[in-house]
Structures are given as C-alpha cells and as structure tokens.
Amino acid sequence: MTLNQLVDKLEEMRAAGKRQQQDVTLMMHLFGIIFANEIARHGGSTIAAEYTKKTGERIGNGAQINDGRKLAQYVAVLPGELAR
C-alpha cells in the first residue's frame, strides 16, 4: 500500500469515527492495528505529517498510530470483522 493510500484510509476511518460519534483516537489505534505492516514500512510520523498536509488537520506526531501498530502483535483482525 502506498503512503497516499494509507493517508486516504486514515482520513476515511477518522471521518467514519466522527460521523458515528466515536473516539477518534480509538480509530487511529484501529488504523494502526489493521495496517501495522504498511505503517512499519512508512512510519507513523510520516503518515501523520502527510495526513496534515492533505487535510489541514493536525493529528500529532504519529504516536497514536504507532501505538496501534504495537498493539497489532496482541490482536487478530479477521477480514470479515472489518465489514461490520
């Protein structure tokens, strides 16, 4: 997955969280869990910086994304579960 695709997916997940009045931090952690391998390749801080460039919305230095990435080693997300 390219950096731009990751940024688009993060934007989509954060927007969904806001629409459903969910904790946006939780959505960033979930993003980190789902895309852990891709995030490791690009880096959470790079993704956060690109997200800010694209949307104008500052989301920090990528620590929450990296926290989710670290949680991925303890969590299994099954493909069917993502559709719920």
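Heads up: the structure comes first, above all this text.
Calculation criteria
Residues numbered from 1 in each chain as written. Predicted model: local features only at pLDDT ≥ 70, side-chain atom pairs only at ≥ 80, totals over all residues. Heavy atoms only, no water. Helix = DSSP H or I, 4+ residues; strand = E, 2+ residues; numbered from the N terminus. Expected span 1.5 Å × (residues − 1). Buried < 20%, exposed > 50% of the residue type's maximum accessible area, 1.4 Å probe, protein only. Contact = heavy atoms within 4.5 Å. Salt bridge = Lys/Arg side-chain N within 4 Å of Asp/Glu carboxyl O. Core = buried A, V, L, I, M, F, W, Y, C linked by side-chain atoms within 4.5 Å.

A. Local environment of helix α1 (residues 3-19). The first and last C-alpha atoms of α1 sit 24 Å apart over 17 residues, in line with the 24 Å expected at 1.5 Å per residue. Those residues of α1 that sit buried are Leu3, Leu6, Val7, Leu10, Met13, Arg14, Ala16 and Gly17. Among the structural elements, α2 (24-34), α3 (36-42), α4 (44-55) and α5 (63-71) are those in contact with the buried residues of α1. Positioned one or two residues after α1, Gln21 has a phi angle of 55°, which is positive.

B. Up close: the pattern of salt bridges. Summed over the entire model, instances satisfying the criterion amount to 6 salt bridges. Across the pair Lys18 and Glu57 runs a salt bridge whose closest N-O atoms are separated by 3.0 Å. Taken together, the positions of Lys18 in helix α1 and Glu57 in the loop between α4 and α5 put the pair 39 residues apart, joining distant regions of the chain. Lys18 gets classed as partly exposed once you look at its relative accessible area, which sits at 44%. For Glu57, a relative accessible area of 25% gives the class partly exposed. Here the salt bridges share partners, and the residues they tie into one network are Asp8, Glu11 and Lys54.

C. Spatial organisation of the nonpolar core. Residues Leu10, Phe31, Phe35, Ile39, Ile47, Ile59 and Ile65 are the most contacted members of the largest nonpolar core, which totals 15 residues. Looking at this core, the elements that each hand over two or more residues are α1, α2 and α4. With 5 residues, the top contributor of residues to this core is α1. In contact with Ile39, not counting residues within four places along its chain, are Leu6, Phe31, Gly32, Gly44, Ile47, Ile65, Asn66 and Arg69.

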